[in-house]
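Summary of structural features
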Amino acid sequence: MRDLLRDLLDLLAIDSVGGTPGEAHAQHWVADTLRSWGWEVDVWTDDPTEHADDPAYPGMEVPRSSVTGVIGRPRGSRGSRLILGHTDVVPGGPAPGFDGRTVYGRGSVDMKSGLVAGMHAARTAGGDVAVCAVSGEEDGGIGTFLALAHGLRATSCVIPEPTSLALIPANAGALTSRPTRRGVSAHGARRWDGHNALEGLPEVMSRLQALEAERNTDVPHILASWPLAYPISIGRIEGGDWPSTVMGRVELEGRYGVKLGETIPDAMQAFEQALVGSGATVDWFGGRFASGSTDTQHPLVQQIAAAHEAVTGAPPDIFGATYGSDLRQLVAAGIPTVQYGPGDAALAHSEDEEVSVEQIRVCHDVLTAWLRRADIPDR
């Protein structure tokens, strides 16, 4: 654990906020660490905008002119079993720290603790394993998209995202929308000459609340434990030009949950149809997270569950997540994938990001046990 924690604190010290040079610095740190273990390491850098016309392009919410990816394998490994994680983080958060029992800092939960635990598990287990580090996951998943374009393949994959050591084989998806309602601007002293766009906002919100209720009436069992499997949330509002001018436009930006098994075009159509007649138009921007799942009866799910029970003495909780992740891209590429990692996802992106050393240790031991079980077939 000493080496694992040292490496984790080193990675946390790299301020790898999405869209900044720190993204590439963190990726090169992973590459250098794997090389220091004697592994074979491939590093590539791409211009993501060259792939923008690809139908599977996952989008981005921050500008990037380059994305760096890393994959490493012990010498002679085919990389059949894969640990994949992202090194990018969102802005803000606490500085890195360690008090002997808890690791603190932006990215400690999401998801540097899991990635480093997975790296060290792969090193401990050896054999037919690989580690892939990506960036750009937080705003769409461009890193994994490009890794797959570079030929990333495996028979099974674990993403050690923060799950509090629960086993997550399914993710709902998420889209970012921009509903806009227009009015007619005029001088506020003659507001009757204009039409305030803000006045139509209650109708827009009422339509979205009804859509959310409708979409959450028949939820698959894997997501049924959540209050809402497919939330619709407005996170930003902007409108108007001047205090004494009637507001001629109001613009909302928000997050929209994609149902399991639903295509992105179908999800978009449902959203747009709900706002017909409200006076709002809809633009789509930023990351596009499709949903994705691995069947709970798949051998990979059973293997991770067995490894968790062997290490902890109890079976893991198994449920789906309401957020999007890179799981969906790997599953779509034919790679059965689950999420299993240390840290509470409720603390991700917060001012209280922290992970217990005990959860990091358990994650390392469970992933090591899974990687060593070469006698259990993946399919």
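Structure: see above.
Keep in mind it's a predicted model, so treat the numbers as computed, not measured.

With that settled, the discussion passes to the overall build of the chain. A tally of regular secondary structure across the chain gives nine helices and 15 strands. In summary, the chain has a C-alpha radius of gyration of 22 Å against a globular reference of 21 Å for 379 residues, a match within 12%. A principal-axis box enclosing the C-alpha atoms of the chain has dimensions of 75 × 40 × 40 Å. Nonlocal contacts in the chain, meaning residues at least 24 apart in sequence, comprise 81% of its contacts between residues at least 6 apart. Only carbon and sulfur atoms are counted for the fraction: they give 50% of the accessible area of the chain, which is about 16,200 Å². Once the 30 positive and 49 negative side-chain charges of the chain are each reduced to a mean point, those two points are 1 Å apart.

Residues lying three or four places apart along an α-helix face the same way, a consequence of the helix completing one turn every 3.6 residues. Taking 1.5 Å as the rise per residue, helix α7 (residues 299–312) with 14 residues should run 20 Å; its terminal C-alpha atoms sit 20 Å apart, in good agreement. Along α7, the residues that are buried comprise L300, V301, Q303, I304, A305, A307 and H308. On its buried face, α7 is in contact with β3 (81–86), β7 (156–159), β14 (337–339) and α9 (357–372). Directly beyond the C-terminal end of α7, a positive phi value near 90° is found at G313.

A few words on the pairing of strand β11 (residues 249–258). Of all the 10 residues making up β11, eight are buried; the element is thus mostly covered by neighbouring parts of the structure. Where strand β9 (residues 173–182) lies against β11, eight bridges are found, and the strand directions are antiparallel. The residue of β11 that forms the bridge with G173 is V258. Summarising the sheet, strand β10 (residues 232–239) and β11 pair through seven bridges and their orientation is antiparallel. Residue pairing in the sheet places E238 in a bridge with E251 of β11.

Quick look at the environment of R191 now. Its location among the elements puts R191 in the loop between β9 and α5 (201–215). Among the residues examined, R191 registers a relative accessible area of 57% and is labelled exposed. Sequence spacing of R191 and V246 is 55 residues, and the spatial spacing of their C-alpha atoms is 6.2 Å.

Strand order in the open sheet formed by four strands is β10-β11-β9-β12, and the pairing between neighbours is antiparallel. Of all the strands in the sheet, the pair left with one neighbour each is β10 and β12 (280–289). Sheet twist, expressed as the mean angle between neighbouring strand axes with direction ignored, is 20°. Sheet strands in contact with α5 are β9, β10, β11 and β12, and its direction is about 5° off that of β11. Lying on the sheet, helix α6 (residues 264–274) is in contact with β9, β10, β11 and β12; it crosses β12 at an angle near 150°.

In this section: the environment of S65. Position of S65 among the secondary structure elements: in the loop between β1 (40–46) and β2 (67–73). Looking at S65, the relative accessible area reads 61%, which means it is exposed. The spatial distance from the C-alpha of S65 to the C-alpha of T45 is 9.9 Å, given a sequence separation of 20 residues. Every residue in contact with S65, bar those within four places of it in the chain, is listed here: D46, D47 and P48.

Rules behind the numbers
- Residues numbered from 1 in each chain as written.
- Predicted model: local features only at pLDDT ≥ 70, side-chain atom pairs only at ≥ 80, totals over all residues.
- Heavy atoms only, no water.
- Helix = DSSP H or I, 4+ residues; strand = E, 2+ residues; numbered from the N terminus.
- Rg over C-alpha atoms; globule rule 2.2 N^0.38 Å.
- Contact = heavy atoms within 4.5 Å.
- Areas by Shrake-Rupley, 256 points an atom, 1.4 Å probe, with all protein chains shown as cover.
- Lys, Arg positive; Asp, Glu negative; His and termini not counted.
- Charge placed at Lys NZ, Arg CZ, Asp CG, Glu CD.
- Expected span 1.5 Å × (residues − 1).
- Buried < 20%, exposed > 50% of the residue type's maximum accessible area, 1.4 Å probe, protein only.
- Pairing = 2+ DSSP bridges.
- Axes fitted to C-alpha atoms, helices over the stretch in contact; angles between N-to-C directions.

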